[in-house]
Amino acid sequence: MALTVLAACSSINCPLNNTVYSSYMFYKAGGDKDTLTDYLTIWTERSDGSDSVLINLDTNVDSFILPMSYVHESDLLYFSFTDSVGTRLDTVNVRKKDWPHFESPDCSATFFHEILGVDHSRNAIDSIVINNKNVNFDATKANFRIYYRPRS
């Protein structure tokens, strides 16, 4: 009898990776995918006022993924682009709607998001286009296309 109970408890099919990420890709102004050669650092502020570095000095990237909060109506991100001349800083504000997603009553809830809009400064970023407004377990399709403006 005890063996049957143990076997039943081990058959829960909760996802091993239940983190939801938003996906970003870099593009040239002409529309072709681009590789960023600057050093990229991205951080955000936590609820307690401290900051949290999400990406630190990454280079030669064409895409990246970031987690999204599930307690705020928007995520404010700071993008720092550093090249041999200096650093340019852009702020990106992603407005979103969150809702809990349940796989099973035995598994903890995750939060999916619907992107409602994005606002940003224009120091190094020319524009940001929402490519896929639904943020869930599938990070293979870019949610955002960042059109980067190289230094003149």
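Preceding this paragraph is the structure being described.
Attention in this report is confined to the structure presented alongside it.

Quick notes on the rules
- Residues numbered from 1 in each chain as written.
- Predicted model: local features only at pLDDT ≥ 70, side-chain atom pairs only at ≥ 80, totals over all residues.
- Heavy atoms only, no water.
- Helix = DSSP H or I, 4+ residues; strand = E, 2+ residues; numbered from the N terminus.
- Buried < 20%, exposed > 50% of the residue type's maximum accessible area, 1.4 Å probe, protein only.
- Polar contact = N/O pair within 3.5 Å; in protein donor to acceptor, adjacent residues only side chain to side chain.
- Contact = heavy atoms within 4.5 Å.
- Core = buried A, V, L, I, M, F, W, Y, C linked by side-chain atoms within 4.5 Å.
- Pairing = 2+ DSSP bridges.
- Phe/Tyr/Trp six-rings, centres within 6.5 Å; stacked < 30°, edge-to-face > 60°.

Right, let's get into the side chain of H113. In this structure, H113 sits in strand β7 (residues 110-120). The exposure class of H113 is buried, given its relative accessible area of 2%. Among the polar contacts listed, one links the side chain of H113 to the side chain of D98, at a separation of 2.6 Å. Among the polar contacts made by the side chain of H113, one reaches the main-chain carbonyl oxygen of F111 at a distance of 3.4 Å. If sequence neighbours within four positions are ignored, H113 has contacts with V20, M68, S69, Y70, K96, K97, D98, W99, K133, N134 and V135.

The next thing to look at is the nonpolar core. Formed by 26 residues in total, the largest nonpolar core has its most connected members in F26, F64, F79 and F81. Of all the elements in the fold, those that place two or more residues in this core are β1 (21-27), β2 (39-45), β4 (63-67), β5 (74-82), β6 (87-101), β7, β8 (125-130) and β10 (144-148). If near-sequence neighbours (up to four positions away) are discounted, F64 is found in contact with S22, S23, Y24, F26, L40, I42, I55, F79 and I146.

Here we take up the sheet that holds strand β3 (residues 51-58). In spatial order, the strands read β3-β2-β5-β6-β7-β9; together these six strands make up an open sheet with antiparallel pairing. With partners counted over all chains shown, the strands left at the sheet margins are β3 and β9 (134-135), one partner each. Relative to β3, β2 is paired through five bridges, and the arrangement is antiparallel. Note that in β3 the partner of T44 across the bridge is S52.

As a further point, take the packing of aromatic side chains. Under the counting rule described, the total for this entry stands at 11 aromatic pairs. Seen in terms of ring centroids, F26 and F64 are 5.8 Å apart; in terms of plane orientation they differ by 50°. Their pairing is tilted. Pair noted here: F26 is in strand β1 and F64 is in strand β4, with a separation of 38 residues, a long-range link. Plain terms: the ring middles of Y27 and Y147 are 5.6 Å apart, the flat faces sit at 40° to each other, and that makes the pair tilted. On the criterion of sequence distance, the pair formed by Y27 in strand β1 and Y147 in strand β10 is long-range, its members being 120 residues apart.

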